[in-house]
Amino acid sequence: MIGLISATAAGAAARDRLAAAWPDRTRVYDGPVGDAVRRAFAECEQLVCFLATGAVVRLIAPLLGDKASDPGVVCVDEGGRFAVSLVGGHGGGANELAREVGELLGAEPVVTTATDAVGVPGLDTLGLPVEGAVAAVSRALLDGEPVALHNESGWPLPPLPVAPQGTYGIRVTDRLVELSDQEVVLRPPTLVVGVGASKGAPAEEVLELIERSLREAGLSPRSVAALATVDAKAEEPGIVAAAERLGVPLVTHLAEELAAVEVPNPSEAPLAAVGTPSVAEAAALVQGGELLVPKRKSAATPAMATCAVVRRPARGRLAVVGLGPGARDLLTPRAKEELQRASVLVGLDQYVDQIRDLLRPGARVLESGLGAEEERARTAVEEARGGQAVALIGSGDAGVYAMASPALAEASDDIDVIGVPGVTAALAAAAILGAPLGHDHVSISLSDLHTPWEVIERRVRAAAEADIVVTFYNPRSRGRDWQLPKALAILAEHREPATPVGVVRNASRPDESARLTTLAALDPATVDMMTVVTVGNTATRDIAGRMVTPRGYRWQTSEEDSK
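Residue numbers run consecutively from 1 along every chain, following the written order of its sequence. Predicted model: local features are reported for residues with pLDDT of at least 70 only, side-chain atom pairs are reported and counted for 80 or more only, and whole-chain, interface and lining totals are derived from all residues. To obtain the side-chain values, all non-hydrogen atoms of the structure were used and water was disregarded.

Draft legend 1. Expanded view of the overall build of the protein. The helix count covers DSSP runs of H or I at least four residues long, the strand count covers runs of E at least two residues long, and both are numbered beginning at the N terminus. A tally of helices and strands in the protein yields 19 helices and 28 strands. Projected onto the principal axes, the alpha-carbon positions of the protein cover approximately 85 × 65 × 55 Å. Categorising residues by exposure relies on relative accessible area from a 1.4 Å probe, with only protein chains included: less than 20% of the type maximum marks a residue as buried, more than 50% marks it as exposed, and the intermediate range marks it as partly exposed. When burial is assessed residue by residue, the protein has 47% of its 563 residues classed as buried. For the protein, contacts bridging at least 24 residues in sequence account for 64% of all contacts bridging at least 6. Surface accessibility follows the Shrake-Rupley procedure with a 1.4 Å probe radius. Residue values consider only the protein chains on display as shielding. Total accessible area on the protein is roughly 26200 Å²; 51% of this is exposed by carbon and sulfur atoms. When the 53 positive and 73 negative side-chain charges of the protein are each reduced to one mean point, those points stand 1 Å apart. Whether two residues are in contact is decided by their heavy atoms: any pair within 4.5 Å suffices. The charged-residue count follows a simple rule in which Lys and Arg add positive charge and Asp and Glu add negative charge, with His and chain termini not counted at all. Lysine's charge is taken at NZ, arginine's at CZ, aspartate's at CG and glutamate's at CD.

Okay, structure coming up:
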């Protein structure tokens, strides 16, 4: 929850805008400002104070305890010009909150955290638990001192300015290690703990067994990714509570699935009870990995819990990112996050140029020209298989006439694949035209480079006969000048000459142009590959210069009835 505090009418107006935009995320604190800040500081994860920074500093100074647990605090000035990340930039999320508040209120986010200022990832922002001398190693990274990276797990990381050797060090491991005062350790989620339990097993017994097994094996509980068990134990209170206390998900598997897993220590007891000769070992091993701790029983008499620990190998990461139609403000926050996370970027050269400034220093860029889509897809998958955090970019939405399909055709289940949606060219053009996609619609590419024209024509005819709004991608190029006239002629067999047609070139870009014409009046020679052509259905209308397709057909029916 985000606490909102203000002292003046101007501050209250901005506060109320934020509260209205985020009703489920925010809580307004009224009353004397000092009391409001104290209450919000104790009750909320973050605060936005519409006060002078000096006033907020004095108010929160006695309340500050530990940066790992203090809420993030953002200050917004009376004029609404700046959103200042004051406290808890990383740990409290104030840096990101300042950016969100700034975007919503039209204020400039002010972030002074050193790592953010120079583009070096903060060690506490990598998505992994971090221990050790975070401040000292971060300072060494900022000062350009050699910092050695020892990534024992091979976990994919964003680019870091590290060296083969150095006085300072970063270790990525799930093992318990002794650290010097010049080292940090990042804990990757590589461990899966399989758990079995008798009915009514106490949570304390289950948790003590897990913690003791990890400790004696020299493993960190902060690297546990999940507890796993048989589906019959999905609601066993002791197992559920142990997962909650460890802060990890509980994953369950069917008994027959576990029964097919080879384990070193099968038993007749679980076979009779839940239908599999192994619960703990099989649940930990069912998705592969190295068995580090074979089945162990709890210390109680009689023992009511068992566990086993498996280390899963690190997997490369492929994010397939849609950049939207071109405008920076139509690039989604999630896409920006993935671009910052990537150690390798793969993309078409002109798209790389659009977002190069968003990449972390040190990110490796693999760019190529038009026509190399399959090569880019293979390259991205190969880099991910090599353990890298890869971003493969495409315009619009990467799954729409872009890089997702060739990449996923190359990828197997040995890497993690994350899809990041983007604003498509059809949607960007539709927003410019009005509301042409208000009812059923279809997108069809007129490029016969990869699809035979016979197939394209069959799809255009089906859309024409079904009276569906059609958006044409890749409508016309110098080498393909007859396909668009042919497609329009097919549509004209089923639609009136006055049917509205929207033509948008370079949607959302500086040289954007748009016009509304008709099926009879459209000159295909004015269309090129940078253009999206949207042809309305029989209900689409030109209303005040905007292309509108009603959600239903009441307009059409009423017009026909009046004839």
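Draft legend 2. Examining the pairing of strand 1 (residues 2–6) more closely. In terms of burial, strand 1 is largely enclosed, as five of its five residues are buried. By the alternation rule, side chains of strand 1 split into I2, L4 and S6 and G3 and I5, which are all buried. Each pair of strands is called paired provided DSSP finds at least two bridges between the two strands. Strand direction decides the pairing type here: strand 1 and strand 3 (residues 46–50), joined by five bridges, are parallel. In the sheet register, S6 faces strand 3, and the bridge partner there is F50. Where strand 1 and strand 2 (residues 26–28) come together, three bridges link them in parallel fashion. Paired with L4 across the strands is V28, a residue of strand 2.

Draft legend 3. View of the side chain of H253. Mapped onto the secondary structure, H253 falls in strand 13 (residues 250–253). Apart from residues no more than four positions distant in its own chain, H253 is found in contact with A228, T229, V230, D231, L258, A283, V286 and Q287.

Draft legend 4. Inspection of the sheet that holds strand 3 at higher detail. Read across the sheet, six strands follow the order 2-1-3-4-5-6 without closing on themselves; strand pairing throughout is mixed. Each edge of the open sheet carries a strand with a single partner, namely strand 2 and strand 6 (108–110). Each adjacent strand pair in this sheet contributes to an overall mean axis angle of 25°, direction not counted. The angle between two axes is taken between their N-to-C directions and runs from 0 to 180 degrees, where each axis is a line fitted to C-alpha atoms and a helix contributes only its stretch in contact. Helix-sheet contacts for helix 1 (residues 9–21) involve strand 1, strand 2 and strand 3, and the interaxial angle to strand 1 is about 160°.

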